[in-house]
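Each chain, written out:
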Amino acid sequence: MSDQFEPVIVGFLCNWCSYRAADLAGTARIKYAPNLRVIRVMCSGRVDPQFVLQALRSGADGVLIAGCHPGECHYVNGNIKALRRFTLLRKTLEQWGIEQERVQLLWASASEGTVLAAAVDRMTEQIKALGPLRWSQKVLGGNGAVHPVAEEV
Amino acid sequence: MSDIKESPAGQERVGVYVCHCGSNIAGTINVDEVSKWIESNPNVVVSRHYEFMCSSTGQELIEKDIKEKGLTRVVVASCSPHMHEKTFREATQRGGLNPFLFEMANIREHDSWATNNKEAATTKAKALVNAAVERVVHHVPLEKIPVDINPNTMIVGGGIAGITAALELAEAGHHVYLVEREGTIGGHMAQIDKTFPTLDCSACILTPKMVDVGQNDNITLLTYSEVESVDGYIGNFNITVRKKARCVDEELCTSCGICEEKCPQKVLDDNYGAGISYRKAIYRAFPQAVPGYPVLDKENCTYFQTGKCKVCEKVCPTSAIDYEQEDQLINFNVGNIILATGYDLFDARRIPQYGYGRLANVFTSLQFERMVNASGPTGGHIVLRDGVTEPESIAIVHCVGSRDQNYNEYCSKVCCMYSLKFAHLVHEHLPEAEVYNYYIDMRTPGKGYEEFYHRLLKEGTHFIRGKVAEITDADRKPGEEGKLIVQAENTLLGIQQRNAVDMVILSSGIQARHDAEEVSKLFKMGCDYDGFFNERHPKLAPVSTMTDGIFIAGACQGPKDIPDTVAQGGAAASQVAKLISQGTVMMEPVRASIREDECSGCRICNNLCPYNAIEFDEEKKVSHVVTALCQGCGTCVAACPSGVIDGAHFTNTQVLAELKGILWDVEADVPAMEEV
Amino acid sequence: MKYGYYPGCSLEKNARAYHVSTMAVAKPLGIEFVEVDDWNCCGATEMIAIEKIPAYALVSRNLALAAKQNGSTNLVAPCSACYLNLKKVDHYLAENKQLKEKVDQALEAGGLSYQPGTINVQHLLETIAVDIGYEAIKEKVVKPLYNLRVAPYYGCLVPRPANMERFDDPEHPTSLDKIIKNLGATVIDFPLKAQCCGGHMTQISENTALELIRRLLKNAADYEADMIATLCPMCQLNLDAYQDAVNAHFGTNYKIPVVYFTQLMGLAFGIPANELGFGKEIVSAQPALDKITEEAPKPVRTRERGKQHTELPMPTQAEEE
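Residues numbered from 1 in each chain as written. Chains lettered and ligands numbered in written order. Predicted model: local features only at pLDDT ≥ 70, side-chain atom pairs only at ≥ 80, totals over all residues. Heavy atoms only, no water.

Novice: Explain the overall build of chain A to me, and be specific about the residues and the numbers.
Specialist: Looking only at helices and strands, chain A has 6 helices and 4 strands in total. N-terminal to C-terminal, the α/β element order of chain A is β-α-β-α-β-α-β-α-α-α. Expected size for 153 residues packed as a compact globule is a radius of gyration near 15 Å; at 16 Å, chain A falls within 12% of this value. The principal-axis extent of the C-alpha atoms belonging to chain A is close to 45 × 40 × 20 Å. Residue pairs at least 24 apart in sequence account for 79% of intrachain contacts in chain A once pairs closer than 6 positions are excluded. Counting only carbon and sulfur atoms, one obtains 53% of the accessible surface of chain A, whose full area is about 6100 Å². Side-chain charges of chain A comprise 17 positive and 14 negative groups, with the mean position of each set lying 7 Å from the other. (Helix = DSSP H or I, 4+ residues; strand = E, 2+ residues; numbered from the N terminus. Rg over C-alpha atoms; globule rule 2.2 N^0.38 Å. Contact = heavy atoms within 4.5 Å. Areas by Shrake-Rupley, 256 points an atom, 1.4 Å probe, with all protein chains shown as cover. Lys, Arg positive; Asp, Glu negative; His and termini not counted. Charge placed at Lys NZ, Arg CZ, Asp CG, Glu CD.)

Novice: Just give me the short version of the domain arrangement of chain B, but keep the residues and values in it.
Specialist: Residue and element names in this part refer to chain B. Under the domain assignment, chain B is made up of domain 1 (14–136), domain 2 (145–238 + 329–342 + 513–585), domain 3 (245–326), domain 4 (345–511) and domain 5 (592–648). When each unit is reduced to the centre of its C-alpha atoms, the spacing between domain 3 and domain 4 is 35 Å. Contact with domain 3, which involves 6 residues of that partner, is made by 7 residues of domain 4. Between domain 3 and domain 4 the total buried area reaches about 530 Å² when both faces are included, carbon and sulfur atoms providing 70% of it. The tally of links from domain 3 across to domain 4 stands at 0 salt bridges. Class assignment for the residues of the side of domain 3 that touches domain 4 results in 3 nonpolar, 3 polar and no charged. (Domains from an automatic or database assignment. Buried area = accessible area lost by both parts, 1.4 Å probe. Salt bridge = Lys/Arg side-chain N within 4 Å of Asp/Glu carboxyl O. Nonpolar A, V, L, I, M, F, W, Y, C, P; charged D, E, K, R; others polar.)

Novice: So what about the pattern of salt bridges? Which residues, and what values?
Specialist: Residues and elements named next belong to chain B. Using the criterion set out here, one finds 54 salt bridges over all chains in the structure. Lysine 36 is the salt-bridge partner of aspartate 32, the closest N and O atoms lying 3.2 Å from each other. Residue aspartate 32 and its partner lysine 36 are both found in helix α1 (residues 31–38); the two are separated by 4 residues, about one turn of the helix. The class of aspartate 32 is partly exposed, set by a relative accessible area of 32%. One salt bridge connects lysine 243 with glutamate 250, and the closest N-O pair in it is separated by 2.7 Å. A residue is classified by how much of its surface remains accessible, and lysine 243, at 11% relative accessible area, is buried. (Buried < 20%, exposed > 50% of the residue type's maximum accessible area, 1.4 Å probe, protein only.)

Novice: Talk me through the interface of chain B and chain A; I want residue IDs and the actual numbers.
Specialist: At the junction of the two partners, chain B supplies 53 residues and chain A supplies 51 residues. For the chain B and chain A pair, buried surface summed over both sides reaches about 4600 Å², with 58% attributable to carbon and sulfur atoms. Of all residues in chain B, B:His82, B:His110 and B:Trp113 bury the most surface against chain A, accounting for 14% of the area lost on that side. Between A:Arg40 and B:Glu85 there is a salt bridge; the shortest N-O distance is 2.8 Å. The tally of links between chain B and chain A comes to 16 residue pairs in polar contact (both at pLDDT 80 or more). Going through the elements one at a time, α3 (81–94), α4 (108–112), α5 (118–136), α16 (635–639) and α17 (652–662) of chain B are the ones with two or more residues in the side of chain B that touches chain A. Each residue belonging to the side of chain B that touches chain A can be placed in one class, and the counts come to 29 nonpolar, 14 polar and 10 charged. (Polar contact = N/O pair within 3.5 Å; in protein donor to acceptor, adjacent residues only side chain to side chain.)

Novice: Could you give an account of the packing of aromatic side chains, with specific residues and numbers?
Specialist: All names here are of chain B. Across all of its chains, the model carries 23 aromatic pairs over all chains by this definition. Taken together, a centroid distance of 6.1 Å and an interplanar angle of 70° make the contact between phenylalanine 304 and tyrosine 323 edge-to-face. Of this pair, phenylalanine 304 sits in helix α9 (residues 302–306) while tyrosine 323 sits in the loop between α10 (311–315) and β17 (328–334), and the two are 19 residues apart along the sequence. Ring centres 4.8 Å apart and planes at 70° place the aromatic pair phenylalanine 368 and phenylalanine 422 in the edge-to-face group. On the criterion of sequence distance, the pair formed by phenylalanine 368 in helix α11 (residues 365–372) and phenylalanine 422 in helix α12 (residues 415–429) is long-range, its members being 54 residues apart. A relative accessible area of 0% means that phenylalanine 368 is categorised as buried. According to the relative accessible area criterion, phenylalanine 422 is buried, its value standing at 0%. Ring pairs connect the aromatic residues Tyr303, Phe304 and Tyr323, which therefore count as one cluster. (Phe/Tyr/Trp six-rings, centres within 6.5 Å; stacked < 30°, edge-to-face > 60°.)

This is the structure:
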């Protein structure tokens with residue numbers, strides 16, 4: 001049993017593209033970091049920022065949102081809406097001192113099993129280097145109080 | 001197998017089934033451990049593990065437990081839901097439960113197959129199974145939604161794919177609207193002289209089918225027309241087609257052709273004529289056009305440009321010319337759509353080294369087809385650009401724009417065969433001429449194709465294996481003056497070769513139509529990286545798309561020859577016929593619905609829906625989802641600031657419960673958490 | 001706009017006309033060239049063929065000096081070989097750590113240092129075609145070069161290699177063609193425009209070089225060019241100075257002047273010919289310049305009305321549409 005920190009990354013993968021990409025990675029027996037735990041949604045546009053925040057608050061060290069490439073969304077442009085929300089979410093996380101690498105957005109089409117696997121590997125390495133999230137420290141300022149910058153927002 | 005637990009009142013009774021899938025899962029994940037571990041979840045009353053859950057025995061386990069153990073929810077931890085969600089939902093239903101009271105945990109594709117780390121895989125499997133259990137207790141029964149299928153079909157594109165599909169459906173007794181952009185149906189196949197490998201005359205095999213289409217009562221032929229808008233969903237598409245004004249009254253025209261004959265304005269025909277012949281301003285693309293009514297090209301018509309002329313009106317014996325004719329907008333409903341919009345030829349001007357457009361005697365494949373055709377501009381004689389001289393040597397260059405990282409990486413599938421066909425035609429028309437085929441590989445996969453290649457070898461064609469680097473008129477040695485020099489590496493001999501020929505034919509590749517992306521957006525579907533329409537599954541569903549009710553056939557899906565195109569046309573027709581004969585289709589109940597009592601009327605959701613499925617009720621001042629239009633993406637659910645939109649089967653409660661379950665082994669680093 | 005300027009050895013002597021004309025057109029185009037102080041020879045192709053590390057260090061010294069000068073991060077080299085050397089070495093220094101270490105040592109000895117990527121090396125053609133743009137050039141033309149048939153000659157170094165981000169197509173470049181077209185001249189379709197002129201083969205194996213030069217001259221003559229416009233001092237030297245040798249060797253009679261494109265630009269901008277280095281060329285450009293007319297040549301009718309025609313129509317080139 002290694003004592004090395006193994007991050008837990010929650011993934012919200014869209015049913016049509018990225019979830020299938022993960023399926024394909026498995027079918028092709030591509031081995032990648034087992035740190036990703038997938039939750040299926042129909043479209044990346046379904047991902048509510050509160051899911052991401054709840055995941056981090058509940059102890060996940062990172063969150064991956066994955067959808068179809070722009071222009072290829074099964075529901076036309078749900079992924080674009082996901083991109084908009086993600087952009088704003090990122091700003092909020094930044095203000096709370098949560099590192100950018102912890103929440104990432106990825107486009108992966110159903111045939112891109114290798115892309116997904118590589119992205120998971122990369123993200124796992126990045127978060128390993130960052131260490132555990134420590135929500136109470138980062139966001140709550142260690143004493144249970146809300147972080148001063150977040151208060152201003 | 002464990003003892004049956006008694007569950008407290010009001011709690012669900014979940015049955016968990018962990019599949020071994022032979023050694024696919026069990027080889028990496030300790031299924032026994034997972035199965036025992038999940039029993040500690042208070043919702044779980046039955047936990048089993050079994051070799052092959054998808055087998056009939058496996059499924060019976062589920063059915064039996066539901067009946068005998070009073071299960072209220074079922075979880076199967078096995079492969080991807082894309083494999084067996086349907087299987088297990090049906091098993092659940094047979095056991096007596098609503099099929100949506102079931103959830104799957106993907107511990108094969110996403111876990112056992114993706115890692116060699118047994119410990120990590122088992123921990124992850126526990127997380128995924130736990131997540132499924134936590135989620136499934138919040139599932140509610142859902143019913144599929146029946147949708148009626150309108151028996152009419154719209155086919156966009158009147159090439160051989162569209163014609164085949166139209167005839168199949170029409171002869172089966174269903175009504176078809178065939179929409180074609182040009183003035184006549186026929187497509188690219190009408191431009192071809194002979195088809196490989198049988199050397200059938202293309203027009204001879206195509207025109208009878210065209211005539212059938214024109215005469216079939218079940219086909220409404222809308223030529224010189226384009227689709228303007230598509231609304232609705234499978235079974236109920238509402239279509240608007242713009243029938244452009246051809247300035248000819250179809251009721252009066254007898255297709256006598258006098259207007260065309262007398263028209264004084266010659267126009268370069270860069271469509272049907274591939275740019276080497278002329279047509280008139282009022283024209284039929286070719287004599288066997290269906291329908292036979294000519295089209296008046298306003299942009300090149302003397303009358304429309306300068307106000308003078310009107311010769312066609314004067315000579316028409318039935319007074320069928322109508323300069324005032326306007327575009328018509330035609331509206332109709334169909335249940336299904338087949339897209340058969342065909343291809344464009346790769347533009348050889350993109351490869352300036354080949355000299356197309358600069359050097360007189362470099363021709364493209366379609367130009368050569370027109371030249372060698374008896375009804376073409378030269379009466380079927382193979383001549384140089386001057387229209388008179390017969391070439392003594394011809395080079396045919398394969399793979400122009402195809403198999404090339406700089407242009408299109410894919411192979412266009414038909415060029416080797418048509419290049420061989422050209423070689424043969426040259427031998428036939430000009431027995432003394434030397435023919436050089438420059439190829440990379442000889443791709444002859446179909447029936448009779450390889451034999452055709454061998455025939456060409458016997459006919460004395462010179463085959464040079466090498467990609468042509470340059471075609472130039474810069475002569476260097478005596479004997480090269482006035483000729484085209486083809487420079488290539490002859491890889492089989494290992495030398496650079498300069499070959500002086502009189503004429504070069506570029507076997508340009510097949511490309512997606514230049515407006516394929518716009519068309520795909522109109523129909524709310526997608527194109528792949530190369531611009532061809534996206535099929536639902538490249539192997540098992542090549543003519544369906546991700547959008548129910550919309551099918552694709554022919555070269556618009558990818559490069560292919562005529563036999564494959566006809567096969568796809570028939571396949572698409574058969575898919576449509578299946579839906580029509582079913583009469584009603586059951587739609588997935590994954591939809592959004594708004595709790596109108598709580599809706600504040602902010603209307604943020606209204607414009608977010610890509611299917612325009614959200615309406616605003618002006619009286620009640622609340623928004624409302626039109627269930628039949630909703631496709632269940634969930635964007636509105638995530639966007640609603642009041643949180644009053646429920647995404648059936650993907651509610652916030654369900655997703656957050658799944659999240660809680662998935663993080664079973666991590667501690668929340670917060671002071672005492674409130675329940676979400 | 002300020003640009004660092006690296007003339008290179010040939011612009012000091014053999015290609016003086018290039019330097020003079022470049023300076024002359026800089027002002028109308030709004031360019032201020034700041035010559036790199038104390039620059040040294042780039043080593044051309046000789047040094048690299050003999051000793052790589054000293055050769056790269058030699059080139060790096062120029063990059064370091066340019067960076068130190070701080071006037072601009074762009075460095076323009078009119079000579080193709082200088083351009084290629086500067087650009088290549090900057091690229092290699094970024095890629096190869098060991099090379100960079102050795103070169104750093106050499107630079108340190110001279111009190112200099114250089115971070116790869118600091119300087120953006122451009123060829124003069126790139127600066128004019130891309131940064132200034134064809135529209136801006138057209139606006140400055142006061143004396144269009146009507147009726148002058150020019151063959152644009154790029155030489156082999158500027159368009160290639162394709163993998164090092166060239167600003168124009170490696171096999172069929174068109175930037176020089178467009179510049180000349182915007183000067184009012186008739187640009188001929190010159191198929192050998194990016195083919196080798198022989199380079200230093202004139203010293204090593206003269207016959208090979210003469211054959212390569214002959215091909216270029218023949219092609220230009222076949223297309224009835226009045227003049228060849230080039231952008232590389234080596235190409236200009238080979239095509240111009242060896243034209244007599246080619247004629248003697250092959251029994252041909254070519255008399256095609258070879259000038260720099262900046263000289264033509266200067267003429268079109270209204271600058272007198274003697275201020276642009278005209279007259280320095282061996283094959284005199286005067287007969288060609290005499291052909292320039294006041295008025296644009298009438299377009300040639302390709303199809304006469306009323307006659308019976310057998311010819312098949314030619315496809316149009318994309319720009320004509």
